[in-house]
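Residues per chain are reported as follows:
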Amino acid sequence: QKEVEQDPGPLSVPEGAIVSLNCTYSNSAFQYFMWYRQYSRKGPELLMYTYSSGNKEDGRFTAQVDKSSKYISLFIRDSQPSDSATYLCAMSTGGGNKLTFGTGTQLKVEL
Amino acid sequence: GAVVSQHPSRVICKSGTSVKIECRSLDFQATTMFWYRQFPKQSLMLMATSNEGSKATYEQGVEKDKFLINHASLTLSTLTVTSAHPEDSSFYICSARAGGPTDTQYFGPGTRLTVL
């Protein structure tokens, strides 16, 4: 079993839809949770960073962490074609420590 | 802020040659940099952790004599793929630890290596 599980997709949604992306993990020592967006042939771009459980909102993006269920989510409101990319969840046991990544979910937002 | 650059963005070389990839943190000092490789449609695999002024720490299964890492300053780390072979063809991505409130990793744009 992988430490971090993420559905690879592809996930296809119409423009304007709410997108829900999720990861589950097995290591209860993870304290820091991140979502990265990666366009094809580019490096990952940090979208959201959260510590421990709770919600965090930034524009159209909301990150949720439920440590009791070992489950994290990223919601994208009013999705746009420019949101089409691969979304990677990542987590670590300490700030700045080694990151463990999910496999990434490929998202396509269609006109 | 927190911009990381990589050079070159793409390189094609012949089998048996060595290739050097540079990773620079442009607007912050990075005591720690990380090197990853990524195969098509797969996630990032950590190769090594590089601390300024000390030897890199390699992940299990990564040959340290094959992938030479130097972190000579707080803004520059280099990865040299020695005697490259076609199986080394991959997307190599570096990241730098920013410190500060989030203290997370910011990634470079990646280098696509093709070994003929």
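What you see is a predicted model; the values in this text were computed from it and never measured.

Enquirer: Can you walk me through the interface of chain A and chain B in this structure?
Expert: Bring the parts together and some accessible area is lost; that lost area is often taken as the interface size. Taken together, the contact between chain A and chain B spans 19 residues of the former and 22 residues of the latter. For the chain A and chain B pair, buried surface summed over both sides reaches about 1500 Å², with 54% attributable to carbon and sulfur atoms. On inspection of chain A and its partner chain B, the count reaches 5 residue pairs in polar contact (both at pLDDT 80 or more). Elements with a minimum of two residues in the side of chain A that touches chain B: β4 (32-38) and β5 (45-51) of chain A.

Enquirer: Looking at this model, I keep getting lost on the environment of Glu-57 of chain A. Mind explaining?
Expert: Residue and element names in this part refer to chain A. Positionally, Glu-57 belongs in strand β6 (residues 54-58). Taking relative accessible area as the criterion, Glu-57 reaches 58% and is therefore assigned exposed. Glu-57 sits 18 residues away from Phe-75 along the chain, and the two C-alpha atoms are 9.3 Å apart. Aside from chain neighbours lying at most four places away, what touches Glu-57 is Met-48, Thr-62 and Arg-77. Within the structure, the side chain of Glu-57 is placed 3.4 Å from the side chain of Arg-77, a separation counted as a polar contact.

Enquirer: Help me out: how do you make sense of the sheet that holds strand β3 (residues 19-25) of chain B in this one?
Expert: As a general point, the strands of a sheet are linked pairwise by backbone hydrogen bonds and lie either parallel or antiparallel. All names here are of chain B. Strand order across the open sheet formed by 4 strands is β1-β3-β8-β7, with antiparallel pairing between neighbours. Two strands lie at the open edges of the sheet, namely β1 (4-7) and β7 (67-73), each paired on one side alone. Strand-to-strand, the axes of this sheet are offset by a mean angle of 15 degrees, without reference to chain direction.

Enquirer: It is not clear to me how the pairing of strand β2 (residues 10-13) of chain B should be interpreted in this structure. Could you clarify?
Expert: Each regular strand carries side chains that alternate between the two faces of the sheet. All names here are of chain B. With burial as the criterion, only one face of β2 is covered, namely that bearing Val-11 and Cys-13; the residues Arg-10 and Ile-12 on the opposite face remain uncovered. When β2 meets strand β11 (residues 111-115), the two strands line up parallel, connected through 4 bridges. Across the sheet, Cys-13 pairs through a bridge with Val-115, a residue of β11.

Enquirer: Is there a simple way to think about unusual backbone geometry in this case?
Expert: In this structure, Pro-10 of chain A follows Gly-9 of chain A across a cis peptide bond, with omega equal to 10 degrees. Within the secondary structure layout, Pro-10 of chain A lies in the loop between β1 (4-5) and β2 (11-14). Each neighbour pair has its own omega, and for His-7 of chain B with Pro-8 of chain B the value is 0 degrees, a cis peptide bond. You can see Pro-8 of chain B is positioned in the loop between β1 and β2. We note that Asp-78 of chain A has phi near 45 degrees; this positive angle belongs to a residue other than glycine. Tracing the backbone through its elements, the reader meets Asp-78 of chain A in the loop between β8 (71-76) and β9 (85-92). Overall, the relative accessible area of 42% leaves Asp-78 of chain A in the partly exposed class.

What counts and what doesn't
Residues numbered from 1 in each chain as written. Chains lettered and ligands numbered in written order. Predicted model: local features only at pLDDT ≥ 70, side-chain atom pairs only at ≥ 80, totals over all residues. Heavy atoms only, no water. Contact = heavy atoms within 4.5 Å. Buried area = accessible area lost by both parts, 1.4 Å probe. Polar contact = N/O pair within 3.5 Å; in protein donor to acceptor, adjacent residues only side chain to side chain. Helix = DSSP H or I, 4+ residues; strand = E, 2+ residues; numbered from the N terminus. Buried < 20%, exposed > 50% of the residue type's maximum accessible area, 1.4 Å probe, protein only. Pairing = 2+ DSSP bridges. Axes fitted to C-alpha atoms, helices over the stretch in contact; angles between N-to-C directions.

Geometric descriptors of this kind do not, in isolation, establish any biological role.
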